[in-house]
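Tertiary structure, described
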Amino acid sequence: MTTPIDATLTDAWGRLGQLHAELNVDFRKWFEDESRAEKFTYQAGDLYVDMSKSYLTEDIKAALIELAEQVNLAERRDAMFSGEKINVTENRAVLHTALRREKDDEVLVDGENVIPQVHEVLKRMYTFADAVRDGSWTGVTGKPLTTIVNVGIGGSDLGPVMAYEALKPYVKEGLECRFISNIDPTDVSETLKDLDPETTLVIVASKTFTTLETLTNARQVRSWLLSKLEERGISTDGAVAKHFIAVSTNLEKVSEFGIDPENAFGFWDWVGGRYSVDSAVGMPLAIAIGPQAFSNFLGGFRIMDTHFATAPAERNVPLLMGLLNIFYVNFVGAPTHAILPYSQYLHRFAAYLQQLTMESNGKRVRWDGSPVTSQTGEVFWGEPGTNGQHAFYQLIHQGTQLVPADFIAFANPTFPLKDSEADQHELFLGNFFGQTKALAFGKTADEVRAEGVDEALVTAREFPGNKPTTSIMAPSLTPSVLGQLIALYEHITFVQGIVWGIDSFDQWGVELGKQMANQLTSAVAGDQEAIAKQDSSTRGLINYYLEKRSK
């Protein structure tokens, strides 16, 4: 196990501390330099990324790049792409990037080229997706399957549901995807209540086919499907095999459930769940938008991978954005980061990034097991504009906490609507442009007074400005562009993890709560001996539940 370089002991870290101490952010003054926007705006694939309203200066940018060099970030990046086992706590390669490599590429894991395996799974996925889309794969009564219900949790849910919602304009007419993740019975009940079992296809996504929440929900869906068919007098022989497929590598468990192992689509231990939407976990998306669009989706990832792997540091967008986030967290002291897409189709994007970033970098030890030497991780959150403007933007504009924000927008709308007064997309993007401008430049007390505001209200109407943002634009939200956006944030997450010296690809913190839940099962069922062993708080909560639960 290699020892991570302690970033806090590097010359660059000390230089960044000095630069922060001397930093006097004044966007009004900074933008007197007409070249500032050009200096700090970059192109990565189809993404136009304006970082000029961030806290980057030429000196800070140079010191951040120097920091990346001093922690050997490029070396670690290349190790990831080449298949080295950089997930050291699980002794695994980290190769979500292999999922979108070209067919003729080579990436070796334990001496074996994994790319042919990736493309073999893709081929099987595309064959099955086409069969569902053209109606040649039918349910037990011979009807085409028009509703896909994905049962998963974590990365097996957040990625597919986010991408499906983002790419709804590309979904084949007559097809619909629904998603079940929460073990709360409400989730299953609400999702299934108006579905026709004869036209429903269920995808159970669990690599090991042992995930408690997923298997519990899958059994409920299986019971629903079989009972509904029986109510109609339909034979259920072979129904599970016709209406269920699996995303799993545990073929024995898949078969025990009743799913034909031929309809199980696997992925590998070098693919983490939160990095898996471009694997077989993306099966609902592949069916919904079709193999060609899914291939374009993978192509978008590949574009950003190539950029991250080859672009020089001074123009490398994931590198610069990841390093800038380090500056915000460790020097400016900003613990949260807002993701603000000006596209309703991206309404699940912030939730997706929460898992990607916080499960990856929410760590307190470095990859060699030693304690971290700085703050790690960010709290990612957000909502689409313009909804957020009427909710939490107040805090970002005039609150006491500094919240760096990424604004995302597209030049071309999916639905170009006009009302009697204005082009609606122009009005929408006016808000996108206006918010970043207002956050940067604010409004001075004198400007407020010049509007004739009563002196007693001037301070309430003053905006300090100098709030940092990054603006990301693309021509339109296509499968390729979505892939580029996802890969951008994957690599931003990687950059931060390397600087902090942590393993961004394990998630041991997720496991303890699961273990506790399993251990408490008998107590929740009313076992008094098990209840007596609990702490006083847990015991009181369980007793309250047992008292109030209707039998």
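Everything numeric in this text was worked out from a predicted model, so none of it was measured.

Here is what the cut-offs are and how they apply
Residues numbered from 1 in each chain as written. Predicted model: local features only at pLDDT ≥ 70, side-chain atom pairs only at ≥ 80, totals over all residues. Heavy atoms only, no water. Helix = DSSP H or I, 4+ residues; strand = E, 2+ residues; numbered from the N terminus. Rg over C-alpha atoms; globule rule 2.2 N^0.38 Å. Buried < 20%, exposed > 50% of the residue type's maximum accessible area, 1.4 Å probe, protein only. Contact = heavy atoms within 4.5 Å. Areas by Shrake-Rupley, 256 points an atom, 1.4 Å probe, with all protein chains shown as cover. Lys, Arg positive; Asp, Glu negative; His and termini not counted. Charge placed at Lys NZ, Arg CZ, Asp CG, Glu CD. Pairing = 2+ DSSP bridges. Axes fitted to C-alpha atoms, helices over the stretch in contact; angles between N-to-C directions. Core = buried A, V, L, I, M, F, W, Y, C linked by side-chain atoms within 4.5 Å. Salt bridge = Lys/Arg side-chain N within 4 Å of Asp/Glu carboxyl O. UniProt positions renumbered as here; feature names shortened; annotations may be inferred. Polar contact = N/O pair within 3.5 Å; in protein donor to acceptor, adjacent residues only side chain to side chain. Parallel < 35°, antiparallel > 145°, perpendicular 65-115°, else oblique. Nonpolar A, V, L, I, M, F, W, Y, C, P; charged D, E, K, R; others polar.

Digging into the overall build of the protein chain
- Secondary structure summary: the protein chain contains 24 helices and 12 strands in total.
- The C-alpha radius of gyration computed for the protein chain amounts to 25 Å, which stays within 12% of the reference 24 Å derived for 551 residues, consistent with globular compactness.
- Each principal axis of the C-alpha distribution contributes one length, and for the protein chain these read about 75 × 65 × 60 Å.
- Put simply, the protein chain has 551 residues, and 52% of those count as buried.
- Sequence-distant contacts, at least 24 apart, represent 74% of the contacts inside the protein chain between residues at least 6 apart.
- Carbon together with sulfur atoms contributes 49% to the accessible area of the protein chain, which is approximately 24200 Å² in total.
- Positive and negative side-chain charges in the protein chain, numbering 48 and 72 respectively, have mean positions lying 3 Å apart.

Points about the pairing of strand β9 (residues 336-341)
- In terms of burial, β9 is largely enclosed, as 6 of its 6 residues are buried.
- Burial of the side chains of β9 extends over both faces: T336, A338 and L340 are buried on one face and H337, I339 and P341 on the other.
- Note: β9 against strand β10 (residues 379-381), 3 bridges, orientation parallel. Of the residues in β10, the one forming a bridge with H337 is F380.
- In the sheet, β9 pairs with strand β11 (residues 405-410) via 4 bridges, with the strands oriented parallel.

Remarks on the sheet that holds β9
- Strand order in the open sheet formed by 6 strands is β1-β2-β12-β11-β9-β10, with mixed pairing between adjacent strands. Each edge of the sheet is formed by a strand with only one pairing partner; in this case those strands are β1 (41-44) and β10. Taken pair by pair, the neighbouring strands of this sheet meet at an average axis angle of 20°, ignoring direction.

Structural notes on unusual backbone geometry
- G385 connects to T386 through a cis peptide bond whose omega is 10°.
- Locating T386 in the fold gives a position in the loop between β10 and α16 (393-398).
- Not every positive phi belongs to a glycine, and D110 is a case in point at roughly 50°.
- When you line up the elements, D110 lands in the loop between β3 (108-109) and β4 (112-113).
- Phi is positive for N466, close to 60°, though the residue is something other than glycine.
- With respect to the element layout, N466 can be found in the loop between α19 (458-461) and β12 (469-474).

Examining the nonpolar core
- M125, W270, I287, F294, F349, L482 and Y489 are the most contacted members of the largest nonpolar core, which totals 131 residues.
- In terms of residue count, helix α20 (residues 479-500) provides more of this core than any other element does, 13 residues in total.
- Among residues more than four places away in sequence, those in contact with W270 are A93, V94, L95, H96, A98, L99, V109, V114 and V118.
- Core analysis: the second largest hydrophobic core is formed by 24 residues, L215, W224, F257 and A264 among them.

Examining the pattern of salt bridges
- Evaluation of the coordinates by the stated rule reveals 25 salt bridges.
- Of the charged contacts in the structure, one is a salt bridge between E198 and R232, with a shortest N-O distance of 2.7 Å. With E198 in the loop between α8 (185-192) and β7 (200-205) and R232 in the loop between α9 (212-231) and α10 (239-243), the pair connects residues that are 34 residues apart, well separated along the chain.
- Residue class for R232 comes out partly exposed when judged on its relative accessible area of 44%.
- When salt bridges with common partners are traced through the structure, they connect R100, D278, D305 and E490 into a single cluster.

Comments concerning the UniProt feature "active site" (unreviewed entry) in the protein chain
- According to UniProt, the feature "active site" (unreviewed entry) maps to E359, H390 and K514 in the numbering used here. Separation in sequence by 156 residues is matched in space for these annotated residues, since their most distant C-alpha atoms are 37.1 Å apart.
- Counting through the fold element by element, E359 comes out in helix α15 (residues 349-361).
- Look at E359 and you get partly exposed, because its relative accessible area is 22%.
- If we skip the residues at most four places from it in the chain, E359 touches R274, Q354, D506, Q507 and V510.
- Of the polar contacts made by the side chain of E359, one reaches the side chain of R274; its length is 3.0 Å.

Details of the packing of helix α4 (residues 58-70) against helix α14 (residues 317-332)
- In the contact formed by α4 and α14, the axes pass within 10 Å of each other and the chain directions differ by 100°. On the basis of the axis angle, α4 is roughly perpendicular to α14. Where α4 approaches α14, its residues I60, K61, L64, I65, L67 and A68 are matched on the opposing element by L319, L320, L323, L324, I326 and F327.
- The residue inventory of the contact of α4 with α14, partitioned by class, reads 11 nonpolar, no polar and 1 charged.

Quick notes on the environment of P4
- Along the chain, P4 turns up in the segment before α1 (11-22).
- Look at P4 and you get buried, because its relative accessible area is 5%.
- Distance from P4 to G14, taken between C-alpha atoms, is 18 Å for residues 10 residues apart in sequence.
- What P4 contacts, discounting residues up to four positions off in sequence, is R366, W367, D368 and G501.

Comments concerning the side chain of H425
- For H425, the position within the fold is in helix α17 (residues 424-441).
- Looking at H425, its side chain comes within polar contact range of the main-chain oxygen of F410, at 3.0 Å.
- For H425, the side chain forms a polar contact with the main-chain oxygen of A411, separated by 3.3 Å.

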